[in-house]
Structure formats: structure tokens, C-alpha cells
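# Fold and geometry: a report
Spelled out from the first residue to the last, the chains are:
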Amino acid sequence: MIGPADYSRWRSARLGSLTESIEERTILGLCGSLSGRRVLDIGCGDGTYALRVSQEGAFAVGIDISRSMLRAARTRAAAQPSHGRWCQASIAALPFAANSFDVVLAVTVLCFHRDPDSAIREAARVLRPGGSPVIGELGKYSSWSVSRRVRGWLGSRTWRSARFWSMRGLQRATESAGLLVDGTQGCVYYPPVAFLAEILRPFEPVLSRLGQLGAAFLTVKARKP
Ligand SMILES: C[S@@+](CC[C@H](N)C(=O)[O-])C[C@H]1O[C@@H](n2cnc3c(N)ncnc32)[C@H](O)[C@@H]1O
């Protein structure tokens with residue numbers, strides 16, 4: 001599994017920081033105004049999104065199954081002003097009452113879970129009516145998924161078991177949980193090569209308007225009726 005050291009290495013590399021900033025902008029754009037909102041970040045990792053929404057004025061709760069990821073998240077949180085808390089739990093059984101959050105974020109976590117449908121149902125349960133899940137996942141029809149699948153075949157345990165999503169599949173899973181899809185968006189259309197990412201990055205907005213084919217990162221925003 002991916003650990004905190006992998007994440008900080010990824011972020012300090014040019015390709016990683018560029019890609020993370022594009023993904024983050026897309027997710028935050030879908031979240032809308034966050035001031036005063038209660039946000040649950042499921043599979044929060046080392047806290048990137050929970051900390052970011054907290055900077056936007058939300059009260060953030062980050063949950064993750066990995067103790068080392070949570071330790072890294074707490075360390076990062078201590079180094080900046082943020083409002084929130086961290087909790088070790090599985091996305092399969094969230095330790096929160098029904099209807100307790102305005103927004104639930106799920107960023108690249110369903111791809112590593114054996115039962116994403118029940119995890120989305122669980123996210124829907126803890127959302128208040130009118131609240132929004134914002135999901136970011138690994139796109140199936142992209143050069144990134146090809147390279148990750150090859151790494152899986154070559155022995156990477158992380159990528160051998162990962163799931164890659166089509167936008168239709170992600171929408172269907174969201175709707176099956178009783179949620180209404182409000183919008184979808186793709187990003188990261190360039191291949192996983194830093195200099196090509198630099199060259200092609202300016203075309204992201206145009207490609208995103210044309211469709212989701214080729215996007216390494218797929219996002220869905222929905223609403224609990
Ligand atoms: C690829 S990381 C994404 C982290 C974060 N969402 C981000 O985008 O920066 C996936 C995270 O999901 C966590 N995870 C995997 N299975 C989980 C589960 N069943 N319950 C909670 N967290 C889980 C992992 O520990 C890891 O921190």
C-alpha cells in the first residue's frame with residue numbers, strides 16, 4: 001500500500017506537484033463554498049484534502065485505515081492553522097451518525113477498496129439531505145492507467161489490485177447509492193511524464209470541456225436527496 005513517504009516523494013517531484021495541484025483545483029472547484037461546512041474526508045491519507053478544505057473555513061474530519069498516514073496528517077496539521085480532527089476507521093463502517101456532514105470527499109480511495117458500492121452507500125448515510133459527495137477516482141481510459149496496470153503485472157501490489165473507473169461506472173455506483181449526480185469532470189490528460197505534463201498542461205481546460213476520454217483523474221459531484 002502507498003505510505004506517507006511515497007506521498008511526500010510524489011509531491012516533491014515536478015510531475016507529482018503539478019498533477020496534485022490540478023486534481024486539488026478540480027476537487028475544490030466541485031466543492032463550492034466551504035466556509036462553516038462540516039466535511040468528512042474518507043481515506044484522507046496524509047491529510048492533503050482535509051487540510052485544504054479546512055483552510056477554506058470548513059471543519060474537517062479525516063478518516064483513514066492507516067495509522068502511519070494519520071500520523072503524517074496530524075504532523076502536517078500541527079504545522080498550520082486548521083480546524084478538524086483525525087480518526088482511524090474504515091470507509092466500510094464510518095463511526096458517525098447518519099446525516100452528520102455537509103460534504104463527503106473520497107479521493108482515490110474507492111479504487112483500493114474491494115466493495116466500493118457499499119463504501120459509497122456508507123458515505124451517503126453520513127451525509128445530510130442536500131449534502132454532497134465529491135469523488136475523485138483513477139480513470140480507466142488513460143495512459144496513466146496503462147502504465148499502472150503494467151506496474152501491477154510486473155509485481156506492484158498496489159497497482160495489481162487497484163480498480164480503474166470509467167465515468168459511467170463511477171456515475172452508476174454513485175446513483176446506486178441513491179445519490180443524484182450533479183456534475184462530472186475529468187482532468188490530467190497528459191501522460192505521466194514531467195516534461196510532457198509541462199507542455200500539455202495549458203490544454204487541460206479545453207480537453208476537460210471536450211470529454212473525459214484520456215483523463216487520468218475523474219470526478220463526480222452528487223447530492224443526497
Ligand atoms: C491513494 S491514498 C489517497 C489519500 C488522499 N485521499 C489523497 O488523495 O491525498 C488512499 C488512502 O486510502 C486509505 N484506505 C485504503 N483503504 C481504506 C479503507 N478501507 N478505509 C479507510 N481508508 C482506506 C489508504 O490508507 C490511503 O491513505
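Anything mentioned here points back to the structure above.
Below, the structure is looked at part by part. Keep in mind it's a predicted model, so treat the numbers as computed, not measured.

Calculation notes
- Residues numbered from 1 in each chain as written.
- Predicted model: local features only at pLDDT ≥ 70, side-chain atom pairs only at ≥ 80, totals over all residues.
- Helix = DSSP H or I, 4+ residues; strand = E, 2+ residues; numbered from the N terminus.
- Rg over C-alpha atoms; globule rule 2.2 N^0.38 Å.
- Buried ≥ 20, exposed ≤ 12 C-beta atoms within 10 Å, placed from the backbone.
- Near = placed C-beta within 6 Å.
- Nonpolar A, V, L, I, M, F, W, Y, C, P; charged D, E, K, R; others polar.
- Pairing = 2+ DSSP bridges.
- Axes fitted to C-alpha atoms, helices over the stretch in contact; angles between N-to-C directions.
- Contact = placed C-beta atoms within 7 Å.
- Right-handed = clockwise from strand over helix to strand, strands pointing away.
- Parallel < 35°, antiparallel > 145°, perpendicular 65-115°, else oblique.
- Left-handed = near helix turned anticlockwise from the far one by under 90°.
- Core = buried A, V, L, I, M, F, W, Y, C linked by C-beta atoms within 7 Å.
- Expected span 1.5 Å × (residues − 1).

### Details of the overall build of the chain
A tally of regular secondary structure across the chain gives 10 helices and seven strands. For 225 residues, the compact-globule estimate of 2.2 N^0.38 gives 17 Å, and the C-alpha radius of gyration of the chain, at 16 Å, lies within 12% of that figure. Dimensions of the chain, computed from C-alpha atoms along their principal axes, come out at roughly 45 × 35 × 35 Å. Scored against the burial criterion, the 225 residues of the chain give a buried share of 43%.

### Details of the site of the ligand
Close to the ligand lie 18 residues, the nearest being Gly43, Gly45, Ile65, Ser66 and Val107. When grouped by side-chain class, the residues that make up the shell around the ligand number 10 nonpolar, seven polar and one charged.

### Here's the deal with the sheet that holds strand S5 (residues 127–138)
Within the open sheet, the seven strands sit side by side as S3-S2-S1-S4-S5-S7-S6. Their pairing is mixed. Sheet topology places strand S3 (84–88) and strand S6 (180–187) at the edges, where each strand pairs with a single neighbour. When the angles between neighbouring strand axes are averaged without regard to direction, this sheet yields 15°. Looking at chain direction, strand S1 (residues 38–42) and strand S2 (residues 59–64) are connected through five bridges and run parallel. Looking at the pairing, Leu40 lines up with Val61 of S2. The strands that helix H8 (residues 167–176) touches are S5, S6 and strand S7 (217–223); relative to S7, the one it contacts most, it runs at about 25°.

### A look at the pairing of S1
The element S1 is largely enclosed, with a buried count of five among its five residues. Burial of the side chains of S1 extends over both faces: Arg38, Leu40 and Ile42 are buried on one face and Val39 and Asp41 on the other. For the handedness criterion, the β-α-β arrangement of S1, helix H3 (residues 48–55) and S2 is classed as right-handed. The pairing of S1 with strand S4 (residues 101–107) spans four bridges and is parallel.

### Brief notes about the packing of helix H5 (residues 116–126) against H8
Relative to each other, H5 and H8 sit at 50°, their axes nearing to 8 Å. Relative to H8, the element H5 is oriented oblique. The crossing of H5 and H8 is right-handed. Where H5 approaches H8, its residues Pro116, Asp117 and Ile120 are matched on the opposing element by Ala173, Thr174 and Ser176. Grouping the amino acids of the contact of H5 with H8 by side-chain chemistry returns three nonpolar, two polar and one charged.

### A short note on the nonpolar core
Counting 62 residues, the largest nonpolar core has Val39, Ile42, Val104, Leu105, Ala106 and Ala123 as its most contacted members. Per element, the largest residue contribution to this core is six residues, and it comes from S4. Ignoring any residue separated from it by four or fewer positions in sequence, one finds Val104 in contact with Leu40, Ile42, Ala123, Val126, Leu127 and Pro133.

### Some remarks on the environment of Phe112
Looking at the element boundaries, Phe112 is found in the loop between S4 and H5. Using a count of 17 C-beta atoms within 10 Å as the deciding quantity, one classes Phe112 as partly exposed. Separated by 98 residues in the primary sequence, Phe112 and Arg14 place their C-alpha atoms 25 Å from one another.

### Quick notes on helix H4 (residues 67–78)
The end-to-end C-alpha separation of H4 is 16 Å, in line with the 16 Å expected for 12 residues at 1.5 Å each. Looking at the buried residues of H4, the elements they touch are helix H1 (4–12), H3, S2 and S3.

### A few points about the environment of Cys31
As for its placement among the helices and strands, Cys31 is situated in helix H2 (residues 14–31). For the pair Cys31 and Val103, spaced 72 residues apart in sequence, the C-alpha separation works out to 7.7 Å. Leaving out residues up to four positions away in the same chain, Cys31 has contacts with Val53, Val103 and Val134.

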